[in-house]
Amino acid sequence: MKLRILKSAVTNPWFNLATEDWIFNTLNPDSHTLFLWRNSETVVIGRSQNPWVECKIDKMEADDVFLARRQSGGGAVFHDLGNTNFTFLSPKDGYDQAANFTIIINALKKLGIDADLSGRNDMQVGDKKISGSAFKHAADRSFHHGTLLVNADMQKLGDYLNPHPLKLKAKGIKSVRSRVANLVEFNEDINHETLSAAIIEAFCEYYGDTAPIEELDEASLAKQPTLNKYYQQMADWNWRFGKTPEFTHHIETRFDWGIIDLHLDVKQAVIREVVIFSDALNVELIDLLKESLTDVKYNKESTKNKLNELANTHAELAAQIDDFCGWLLGEMEG
């Protein structure tokens, strides 16, 4: 069986996750395929997760950190250039999960690191986890992807994955964060390029064959319309935020002009229902706030624009609307 080796020259996570989908859904499975890639600073959430629960969206935006939602399930993970990601694709009848782990373990041995398989999904050095994996299967193909911690910024991992204490009731899947270690702790000279070269070498040795390395970049989108389609989906706000499970955001405060007890029911990242309990004397203000927020995207920009528009059209209520807007934006993520 022939081999195919793909390597991404792009660190945009939407491109790389789209490439994974393209490989899984479109690529001819009649070969053993290896894809190596890494992402710029990114929080990747599972298909069923709530980004406002899992991530600090505002801090991510301020620091230019990507948010990506993958097609598969599981928990939230942080990627940066210190992570090397690998993907194996094989035809269903030629798929050997143990072979994939063996290739990675053999590659690490070439770099002086003794790793072992831990359970079904992870690899570790000693008692420290250095890699996690997930799997997908279709009628004619099987897919195994994972990440290797090379020199990831563990501090940032904690910064972006620890949610603010918002009063959110989410139906998504909460992440499980494990004790982990970087491979540089065991070999200070290891990096993405040396690790990738070792994996490619181990891959070819295992199957007793060679293949040219195909470098993927932005130009690949133009050459592969299906890949471009997957990329557009991954980059789309409606995919990254709109697929969020239903949740409720409940907050309350006191202004000089009254108490506000606000309940936002959010479905597909859009505020679908607004309930406000208040002792404010101006009933019209409360009704206008409810009307303005209904069917607005649950993010700061959309909310701010809508409330500014309301203040501009109701000058007599502008001061109270501005109070409310500043408070709500301070409580929202994203």
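This one's a predicted model, so the numbers in the text were calculated from it and none came from an experiment. (Residues numbered from 1 in each chain as written. Predicted model: local features only at pLDDT ≥ 70, side-chain atom pairs only at ≥ 80, totals over all residues. Heavy atoms only, no water.)

J.: I'd like a description of the pattern of salt bridges, backed by residues and values.
T.: For side chains bearing opposite charge, pairing can occur when the charged atoms are close. As enumerated under the stated definition, the model contains 11 salt bridges in all. Ionic pairing is found between Asp21 and Lys136, a salt bridge with its closest N-O pair at 3.9 Å. Of this pair, Asp21 sits in helix α1 (residues 13-25) while Lys136 is found in strand β9 (residues 128-137), placing the two residues 115 residues apart along the sequence. No difference in accessibility class separates Asp21 from Lys136, as the two residues are buried. Put simply, Asp127 and Arg179 hold a salt bridge, and the shortest N to O gap is 3.4 Å. Here Asp127, found in the loop between β8 (122-125) and β9, pairs with Arg179, found in the loop between β11 (168-170) and α6 (192-207); they are 52 residues apart in sequence, far enough to count as distant. We classify Asp127 as exposed; its relative accessible area is 52%. (Salt bridge = Lys/Arg side-chain N within 4 Å of Asp/Glu carboxyl O. Helix = DSSP H or I, 4+ residues; strand = E, 2+ residues; numbered from the N terminus. Buried < 20%, exposed > 50% of the residue type's maximum accessible area, 1.4 Å probe, protein only.)

J.: Pulling in residues and values, what's your account of the packing of aromatic side chains?
T.: What the rule picks out here adds up to 17 aromatic pairs. Each ring, one from Trp52 and one from Phe241, has its centre 5.3 Å from the other, and the planes form 40°; the classification is tilted. Highlighted residues: Trp52 in helix α2 (residues 51-54) and Phe241 in the loop between α9 (237-240) and β13 (247-255), separated in sequence by 189 residues. Ring plane angle 90° and centroid distance 5.9 Å describe the contact between Phe255 and Trp327, whose orientation is recorded as edge-to-face. You can see Phe255 sitting in strand β13 and its partner Trp327 sitting in helix α12 (residues 318-331), a full 72 residues away along the chain. Accessibility classification places Phe255 together with Trp327 in one group, the buried group. One aromatic cluster is present, formed by Trp52, Trp237, Phe241, Phe247 and Tyr298 through successive ring pairs. The positively charged end of Lys136 is found above the aromatic ring belonging to Phe24, 4.5 Å away from the centroid. Here Lys297 stacks its cationic end above the ring of Trp237, 4.3 Å away from the centre of that ring. (Phe/Tyr/Trp six-rings, centres within 6.5 Å; stacked < 30°, edge-to-face > 60°. Lys NZ or Arg CZ within 6 Å of the ring centre and 35° of its normal.)

J.: Give a description of the sheet that holds strand β7 (residues 116-118) that names residues and reports values.
T.: Taking strand neighbours across the sheet as the criterion, the eight strands line up as β7-β8-β9-β10-β6-β2-β1-β12 in an open arrangement whose pairing is mixed. Looking at strand neighbours, the two that pair on one side only are β7 and β12 (213-216), the edges of this open sheet. Going across the sheet, the axis of each strand differs from the next one's by a mean of 25°, ignoring polarity. Pairing analysis gives three bridges linking β7 to β8, with the strands arranged antiparallel. What sits directly across from Ser118, in β8, is Asp122. Along the sheet face, helix α4 (residues 97-110) touches β6 (83-91), β7, β8, β9 and β10 (141-149) and points at about 30° away from the line of β10. (Pairing = 2+ DSSP bridges. Axes fitted to C-alpha atoms, helices over the stretch in contact; angles between N-to-C directions. Contact = heavy atoms within 4.5 Å.)

J.: So, the pairing of β10: which residues are in play, and what are the values?
T.: Of all the nine residues making up β10, nine are buried; the element is thus mostly covered by neighbouring parts of the structure. With burial as the criterion, each face of β10 is covered, one bearing Arg141, Phe143, His145, Thr147 and Leu149 and the other bearing Ser142, His144, Gly146 and Leu148. Alignment of β6 against β10, held across nine bridges, turns out to be antiparallel. Residue Thr84 lies in a different strand from β10, and its bridge partner there is Leu148.

J.: Let's hear about the side chain of Asn16: which residues, and what values?
T.: If you trace the backbone, Asn16 turns up in helix α1. By relative accessible area, Asn16 is classed as buried at 0%. Here the side chain of Asn16 touches Val10 through a polar contact of 3.1 Å, landing on its backbone oxygen. (Polar contact = N/O pair within 3.5 Å; in protein donor to acceptor, adjacent residues only side chain to side chain.)

J.: Quick rundown of the side chain of His314? Include the residues and the values.
T.: Relative to the helices and strands, His314 is located in the loop between α11 (300-313) and α12. Setting aside chain neighbours within four positions, we find His314 in contact with Glu284 and Leu288.

J.: Give me the lowdown on a negative patch on the surface, citing residues and values where you can.
T.: The grouping of Glu284, Asp287, Glu291 and Glu316 at the surface amounts to a negative patch. Looking at the element boundaries, Glu316 is found in the loop between α11 and α12. (Patch = residues over 30% accessible without salt bridge, like charges linked within 9 Å, V, L, I, M, F, W, Y side chains within 5 Å. Areas by Shrake-Rupley, 256 points an atom, 1.4 Å probe, with all protein chains shown as cover. Lys, Arg positive; Asp, Glu negative; His and termini not counted. Charge placed at Lys NZ, Arg CZ, Asp CG, Glu CD.)

J.: Kindly report on the sheet that holds strand β4 (residues 66-69), identifying the contributing residues and their values.
T.: Spatially, β4-β3-β5 is the arrangement adopted by the three strands of the open sheet, whose pairing is mixed. The sheet is open, and its two borders are formed by β4 and β5 (77-79), each paired with just one other strand. In this sheet, neighbouring strand axes are inclined to one another by 25° on average, regardless of whether the strands run parallel or antiparallel. Where strand β3 (residues 42-45) and β4 come together, four bridges link them in parallel fashion. Residue pairing across strands places Val44 opposite Ala68, the latter belonging to β4. In the packing of α1 onto the sheet, the strands contacted are β3 and β4, and the crossing angle to β4 comes to about 15°.

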